[in-house]
Amino acid sequence: MKKDAMQDSDLEKIKNEASQEVDNAGNQAELLFVRKKYLDKDGVLGEFFKLLGKLPKEERGRMGVAANEIKKELTAAVEKKLAELGKTVVDNKGKRDFFDPTLPGICPKVGHLHPFTLLEREITEIFGTMGFEIMESREIETEWYNFDALNIPADHPARDAFDTLFLEGGLCLRPHTSPGQVRYMESHQPPLRIIIPGRCFRRDAVDASHMPNFYQVEGLMVDKDVSAANFKAVIGEFFKRFFHRSEGAVAENTDNIRLRPSFFPFTEPSFEVDLRCVNCAGKGCSACKGTGWMEVMGAGMVHPNVLKNSGVNPDLWRGFAFGAGLDRLAMIKYKINDIRLFYGGDQRFLNQF
Ligand SMILES: [Zn+2]
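Because the structure is predicted, anything quoted here is derived from the model rather than measured.

### Examining the overall build of the chain
In terms of helices and strands, the chain carries 12 helices and 10 strands. In terms of C-alpha radius of gyration, the chain reaches 42 Å, well past the compact-globule figure of 20 Å for 353 residues. When the backbone C-alpha atoms are referred to their principal axes, the chain occupies close to 135 × 50 × 45 Å. Sorting the 353 residues of the chain into buried and exposed places 30% on the buried side. Considering only contacts in the chain between residues 6 or more positions apart, those separated by 24 or more positions represent 64%.

### So, the environment of Leu52
Within the fold, Leu52 resides in helix α3 (residues 44–52). Once the C-alpha coordinates of Leu52 and Ala67 are considered, the two residues, 15 residues apart in sequence, prove to be 9.7 Å apart.

### Concerning the sheet that holds strand β8 (residues 267–276)
Here we have seven strands laid out as an open sheet, ordered β1-β5-β6-β10-β9-β8-β7, and mixed in their pairing. Both edges of this open sheet fall to β1 (133–134) and β7 (257–264), since each of them pairs with a single strand only. Lying on the sheet, helix α5 (residues 115–129) is in contact with β1, β5 (192–201) and β6 (213–223); it crosses β5 at an angle near 165°.

### Structural notes on helix α2 (residues 28–39)
The end-to-end C-alpha distance of α2, which contains 12 residues, comes to 16 Å, matching closely the 16 Å that a straight helix rising 1.5 Å per residue would cover. Listed in full, the buried residues belonging to α2 are Leu31, Val34, Arg35 and Tyr38. Seen end-on, α2 carries its buried residues on one side only, within an arc spanning 100°. Along α2, the residues that are exposed and aim more than 90 degrees away from the buried face are Ala29 and Lys36.

### Remarks on the sheet that holds strand β2 (residues 140–142)
Spatial strand order, β2-β4-β3: three strands in an open sheet with antiparallel pairing. Among the strands making up the open sheet, the edge pair consists of β2 and β3 (165–166). The pairing of β3 with strand β4 (residues 171–173) spans two bridges and is antiparallel. Residue Phe166 lies in a different strand from β4, and its bridge partner there is Cys172.

### Let's talk about unusual backbone geometry
Backbone phi values are negative for most residues with the exception of glycine, while trans is the configuration of most peptide bonds. Geometrically, the link from Pro190 to Pro191 is a cis peptide bond, its omega value of 5° lying close to zero. Within the chain, Asn151 stands out as a residue other than glycine whose phi angle is a positive 65°. Assignment of secondary structure puts Asn151 in the loop between α6 (143–146) and β3. Residue Asn151 is classed as buried on the basis of its 21 C-beta neighbours within 10 Å.

So, how was this worked out
Residues numbered from 1 in each chain as written. Predicted model: local features only at pLDDT ≥ 70, side-chain atom pairs only at ≥ 80, totals over all residues. Helix = DSSP H or I, 4+ residues; strand = E, 2+ residues; numbered from the N terminus. Rg over C-alpha atoms; globule rule 2.2 N^0.38 Å. Buried ≥ 20, exposed ≤ 12 C-beta atoms within 10 Å, placed from the backbone. Contact = placed C-beta atoms within 7 Å. Pairing = 2+ DSSP bridges. Axes fitted to C-alpha atoms, helices over the stretch in contact; angles between N-to-C directions. Expected span 1.5 Å × (residues − 1). Arc of directions from axis to C-beta.

This is the structure:
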């Protein structure tokens, strides 16, 4: 706008354009933009007022009144429209309350079994197909079933290794699932095959591989001519199926496990069972500390004293027994390096299984 060309027609033009833009504004943001453009100090009308002073005196008064009139009308029009648009927003909100059958539904979260439960079922199913029965034993045990019957007399140093949590009245929380062997044999005569999965407790400090509460799977087979070779065949078959299902790369034959001499009071001879590393298939990696083998369970031939204490004649029957940490098997199978994740209750972790 040139100051020497200011005329009534200029004002008229501003008025028409501004009201057109107010009408066209479809939402509050657009409307606020129009208000800024025309009504701000630096806006179109503001610039017009600044130029009024350059006009001849008689012109200045008349044009000033006319411009003020336009400013008032425009302000009113903007306010009115703002109120209308505000109402429109409210109306839209009201419409959202209506049920829209075309919207996708909200899927309710469905719970599922804990990975330990899933694994326990898988393990008992595998042994079940090999003729093993499933037994649940007690979590609170007497010292007799926990130790004495298992050939660990009161003065035996092996008792200390269990870090047992004792209760009142000579009871304790079982530190292993082995007492179940004795209880089962007391009421069942051989031949027998059982699996005892269950929770165990020890006075362990919590770290990446220890919890004071953990799970074991106990196995026992007693028959006339049971030998360590039978054990190796059964456990080899178990690992073949257990890891074959989800890993593909493991144990095609029993050479994928090896037995190392060890000591447990309730077995003689005793051995540690190593599994060829499921991660590197024996080449050596960080998971197996470069050895190619992973320690997975303790086992052995049932000690004659244990059979005797359970009411089974050791001159007629022989058996093998083993105890594996379910937590450990889960960590190997799922490649989890921290046991605490299984007990944390974090759904982001648990929902992966
Ligand atoms: Zn490895």
